[in-house]
Structure formats: C-alpha cells, structure tokens
Amino acid sequence: MPKLYYWPGTCAITIHVLLEEIGKPYTDEAVDLGAKQQFTPEFRAVNPKGKVPAYVRDDGSLLTEVPAIAWWLARTNPQARLLSEDIETEVRTLEALDHIAATIHMQGAARAWRPGSFISDERLHDEVMAKGKDIVLRGLDILSQTLGAKTWLMGDYSIADASLFFIEYWAKEKVFWTMPDNIEAHYRRMRARPAVERALMREGLA
Ligand SMILES: N[C@@H](CCC(=O)N[C@@H](CS)C(=O)NCC(=O)O)C(=O)O
C-alpha cells in the first residue's frame, strides 16, 4: 500500500486531498517538523531531502516534490479526472503548479513562515517576512486572474486546485491574510468538497 509522509497544514495537504479524491487505500505517517523529526536518520532514510510530502509508492520507490507527485497521481488515476487530457490545458495546469510550488510557496510563504531559514540576523526577520508576504500576495493576484469567474483554475477541477488549496488554507487559517474575492470563493468551494474535509480530518485539522 502506498504511504504518505506529511505534517498537518503543510504542502503535503495537497497530496492528502488528491489521495482522498482518488479514494484508493493508502497509509500515512506524520513527521513532526516542530520536533525536527525531518532531520533524523530514520526519516532521512525515507527521504534524503528531509521534507514532506514524501510519497512511497506500491513498489517501494519514493516520489518527492508536490508537482511531480500530483502529476503522477493524476496520470496513473485517469478515472479520478484530476488532469485534462488536452495538452494545452495540461501544460497550463503544470505551469500553475510550478508557480504555486516554486514561487508562491518556496520564495514567498517560506520567507513569511521561516525567515530564519533565509537570514540569521533576527533584526531582519520582519523585513524578510514582509518580502515573503508580498511574493505570496502577488502570486495570488496572478492566480486570481487565471481563475477569473470560473469555478476551478483550469475550468474543470484539477491538481492545480488542490495545490492552490494549501496556500489558501495557510493564508486564511494560519496567518489571516486577505485574499482576492474569487480566490476566497475558490477556497470555500474547496472546503465544500468531501475529499478536502476528509484530508483535513486525516491531518487532525477539521
Ligand atoms: N518543493 C517541495 C517543498 C517541500 C517542503 O519545503 N516542505 C516543507 C513543508 S511545507 C518541509 O518539509 N519543511 C521542512 C524543512 O524545510 O525542514 C515540494 O513541492 O514538495
């Protein structure tokens, strides 16, 4: 059975959402990032990157990086309809996933969340956090334009919506930032999906 290593409320929630959308059996295990469990030899043996999500497939091989895991889950579970078969929509979906993972999360949220990972001098932490917030909010503005008046980012529901959900959840529930109106409405639609509530329950967040 596949296994997801996660910590509640992190980007691993995207993979929990997708696994719940797919509905096949899987197991999961929390890696306590607060207690620095990601740096232990036991977890490094699972994922040398020391990050969640880490997804161990049925054959025992490891997949890391949200966009890669999400794409692989969607392609290997076409019945779940998580990725368009139209190549133009597929590449736009991957474009949004990369923007969310590489820019909004890694350059923005990471600075706002853990400024100490970027600079040791605590007097500069507020400035680093402000830069991070700016990157996240600029990213959400771009996604707001992509979403427009549509229900889901790509028209039909996709892995891009599950990826955006992590940023929305964090902005809304953890740091209480104001999001563009249509992104806020997208977050509410995500919360109305049974798979999303099941994912939150698995992480002890519902
Ligand atoms: N680019 C990676 C990011 C993974 C990542 O940074 N995960 C965070 C949680 S959101 C983590 O494990 N942080 C632990 C650490 O950096 O020590 C992905 O898309 O999966």
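For the structure given in this document, a descriptive report is provided here. All figures in this text were calculated on a predicted structure; none of them were measured in a lab.

Right, let's talk about the overall build of the chain for a bit. Counting its regular elements, the chain contains eight helices and four strands. The C-alpha radius of gyration of the chain comes to 17 Å, within 12% of the 17 Å expected for a compact globule of 206 residues. Overall, the chain is about 50 × 45 × 30 Å in size when its C-alpha atoms are taken along their principal axes. When burial is assessed residue by residue, the chain has 47% of its 206 residues classed as buried. Here the analysis covers contacts within the chain between residues at least 6 apart in sequence; of these, 63% occur between residues at least 24 apart. Summed over all atoms, the accessible surface of the chain reaches about 10,300 Å², with 53% contributed by carbon and sulfur. Each charge sign in the chain was given a centre, from 25 positive and 29 negative side chains, and these centres are 1 Å apart.

Moving on to the packing of aromatic side chains. Tallied over the full model, the rule gives seven aromatic pairs. Ring centres 6.3 Å apart and planes at 55 degrees place the aromatic pair Tyr-55 and Trp-72 in the tilted group. Here the residue Tyr-55 occupies a position in strand S3 (residues 54-56), and Trp-72 occupies one in helix H3 (residues 66-76), the gap between them amounting to 17 residues. In this structure Tyr-55 comes out as buried when scored by relative accessible area, which is 4%. Pairing Trp-152 with Tyr-157 gives two aromatic rings, centres 5.0 Å apart and planes at 80 degrees, and the pair type is edge-to-face. Both residues of the pair, Trp-152 and Tyr-157, belong to the buried class. Through a chain of ring-to-ring contacts, the aromatic side chains of Trp-113, Trp-170 and Trp-177 assemble into a single cluster. Geometry around Trp-72 places Arg-57 over its ring, the cationic atom sitting 4.8 Å from the centre. Here the basic side chain of Arg-114 rests over the ring of Trp-113, its NZ or CZ set 5.9 Å away from the ring centre.

Relative to the helices and strands, Glu-168 is located in helix H6 (residues 159-174). For Glu-168, which is buried and forms no salt bridge, the nearest opposite charge comes from Arg-189, at a distance of 7.7 Å.

On to the nonpolar core. Core analysis: the biggest nonpolar cluster contains 59 residues, and Ile-15, Val-17, Leu-18, Leu-73, Val-136, Ile-159 and Phe-165 have the highest contact counts within it. Of all the elements, H6 adds the most residues to this core, at ten residues. Per-domain counts for this core show at least three residues from each of domain 1 (3-81 + 198-202) and domain 2 (87-192). The contact partners of Ile-159, leaving out residues within four places of it in the chain, are Leu-18, Ala-70, Trp-71, Ala-74, Leu-82, Leu-83, Thr-93 and Leu-97.

Within the secondary structure layout, Asp-134 lies in helix H5 (residues 125-147). We classify Asp-134 as partly exposed; its relative accessible area is 42%. Remark: the alpha-carbon pair of Asp-134 and Ile-104, spanning 30 residues in sequence, is separated by 9.6 Å.

About the cut-offs
- Residues numbered from 1 in each chain as written.
- Predicted model: local features only at pLDDT ≥ 70, side-chain atom pairs only at ≥ 80, totals over all residues.
- Heavy atoms only, no water.
- Helix = DSSP H or I, 4+ residues; strand = E, 2+ residues; numbered from the N terminus.
- Rg over C-alpha atoms; globule rule 2.2 N^0.38 Å.
- Buried < 20%, exposed > 50% of the residue type's maximum accessible area, 1.4 Å probe, protein only.
- Contact = heavy atoms within 4.5 Å.
- Areas by Shrake-Rupley, 256 points an atom, 1.4 Å probe, with all protein chains shown as cover.
- Lys, Arg positive; Asp, Glu negative; His and termini not counted.
- Charge placed at Lys NZ, Arg CZ, Asp CG, Glu CD.
- Phe/Tyr/Trp six-rings, centres within 6.5 Å; stacked < 30°, edge-to-face > 60°.
- Lys NZ or Arg CZ within 6 Å of the ring centre and 35° of its normal.
- Salt bridge = Lys/Arg side-chain N within 4 Å of Asp/Glu carboxyl O.
- Core = buried A, V, L, I, M, F, W, Y, C linked by side-chain atoms within 4.5 Å.
- Domains from an automatic or database assignment.

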